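Now for the letters of each chain:
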Amino acid sequence: MPEDFRVLIVDDDFHVAKLHAAYVDSVAGFMALAPVGTASLALQSIHSLRPDLVLLDVYLPDASGLDLLQQLDVDTIMLTAASDAVSVRVAFRRGALGYLLKPFTSEALSQQLRSYARYRRLLAQPGALDQEAVERAKRALIPGDVTPSSKPRSATEAAVLESLVPGEQYSAAEVAGRVGVSRATAQRYLSSLADDGAVDIQLRYGTTGRPEHRYGLPAT
């Protein structure tokens, strides 16, 4: 199983940052680092902890998050109440991968994070990318705007997809048992289907307290 994406939240409101950290931890494949409340602490944490993703507010006590964004060499999504068009344009011009306006629901952030995970998986494929792969990665960043791949599905991939019942969630082991393949094979095809947006990944905590990835069909 790949390691979780490590997420640094930069927000000067401690209670909001703590809430957003809980949102992040509820999404399969993501782990929130200790939040920070200033630009200077953000730079220190990024240097020492090397997060995969930063969730950044515009309004910080010691600097604008937009100015901080310009200094960062790490994937960043803006989480902010700054709703003016100038801030949005500047954020995207300076490299933000997404822009989520406060207040938002846990599901809105979850969708944004799952989109980011698809984007990362698509760009983790071995070998050179063709233009279709680049366009799919770009579209993956927009929640709800994933276009299925035009490539034909293999018989095993189709069987994995057909084994999923709408409204139900399954572990990779359960899917493997339903299809008659190994868990590793089921996991590989489920990840590929998630890249296409054909499958959603959720996180559920079992009786042992260890999180389990659950797979199901997207809600319609």
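Residues numbered from 1 in each chain as written. Predicted model: local features only at pLDDT ≥ 70, side-chain atom pairs only at ≥ 80, totals over all residues. Heavy atoms only, no water.

We now examine the pairing of strand β3 (residues 53–56). Across the two faces of β3 the burial is the same, with Leu53 and Leu55 and Val54 and Leu56 all buried. The pairing of strand β1 (residues 5–10) with β3 spans four bridges and is classified as parallel. Within β3, the position partnered with valine 7 by the bridge is leucine 53. Strand direction decides the pairing type here: β3 and strand β4 (residues 75–80), joined by four bridges, are parallel. The residue of β4 that forms the bridge with leucine 53 is aspartate 75. In this fold, β3 hands off to helix α3 (residues 65–71), which returns the chain to β4; that crossover is right-handed. (Buried < 20%, exposed > 50% of the residue type's maximum accessible area, 1.4 Å probe, protein only. Helix = DSSP H or I, 4+ residues; strand = E, 2+ residues; numbered from the N terminus. Pairing = 2+ DSSP bridges. Right-handed = clockwise from strand over helix to strand, strands pointing away.)

Looking now at the packing of aromatic side chains. Inspection of the entire model under this criterion finds five aromatic pairs. Ring plane angle 70° and centroid distance 5.6 Å describe the contact between phenylalanine 5 and tyrosine 116, whose orientation is recorded as edge-to-face. In this pair, phenylalanine 5 sits in strand β1 while tyrosine 116 sits in helix α5 (residues 106–122), placing the two residues 111 residues apart along the sequence. For phenylalanine 5, a relative accessible area of 16% corresponds to the buried category. Pairing phenylalanine 92 with tyrosine 99 gives two aromatic rings, centres 6.3 Å apart and planes at 45°, and the pair type is tilted. Since its relative accessible area comes to 43%, phenylalanine 92 is described here as partly exposed. Using a relative accessible area of 14% as the deciding quantity, one classes tyrosine 99 as buried. Joined through ring pairs, the aromatic side chains of Phe5, Phe30, Tyr116 and Tyr119 make up one cluster. (Phe/Tyr/Trp six-rings, centres within 6.5 Å; stacked < 30°, edge-to-face > 60°.)

The next point concerns the pattern of salt bridges. If you walk through the whole model with that rule in mind, you get seven salt bridges. Residue lysine 102 is joined to aspartate 57 by a salt bridge in which the shortest nitrogen-to-oxygen separation is 3.2 Å. On the criterion of sequence distance, the pair formed by lysine 102 in the loop between β5 (98–101) and α5 and aspartate 57 in the loop between β3 and α3 is long-range, its members being 45 residues apart. A relative accessible area of 4% places aspartate 57 in the buried class. Residues joined by salt bridges that share partners form a network here, namely Asp11, Asp57 and Lys102. (Salt bridge = Lys/Arg side-chain N within 4 Å of Asp/Glu carboxyl O.)

Before going further, it helps to spend a moment on the UniProt feature "modified residue: 4-aspartylphosphate" (unreviewed entry) in the chain. With numbering aligned to this structure, UniProt lists the feature "modified residue: 4-aspartylphosphate" (unreviewed entry) at Asp57. Sequence-distant contacts of aspartate 57, that is, excluding residues within four places in its chain, are made with Val10, Asp11, Asp12, Gly65, Met78, Leu79, Thr80, Ala81 and Lys102. (UniProt positions renumbered as here; feature names shortened; annotations may be inferred. Contact = heavy atoms within 4.5 Å.)

If you check which residues of helix α4 (residues 85–93) are buried, you get Ser87, Val90 and Ala91. Each buried residue of α4 lies within a common arc of 100° when the element is viewed along its axis, so the set occupies one face. α4 presents Ala85, Arg89 and Arg93 as exposed residues on the side facing more than 90 degrees away from its buried surface. Its buried side turned inward, α4 meets α3, β4 and β5. Phi turns positive, to about 110°, at glycine 95, one or two residues after α4. (Arc of directions from axis to C-beta.)

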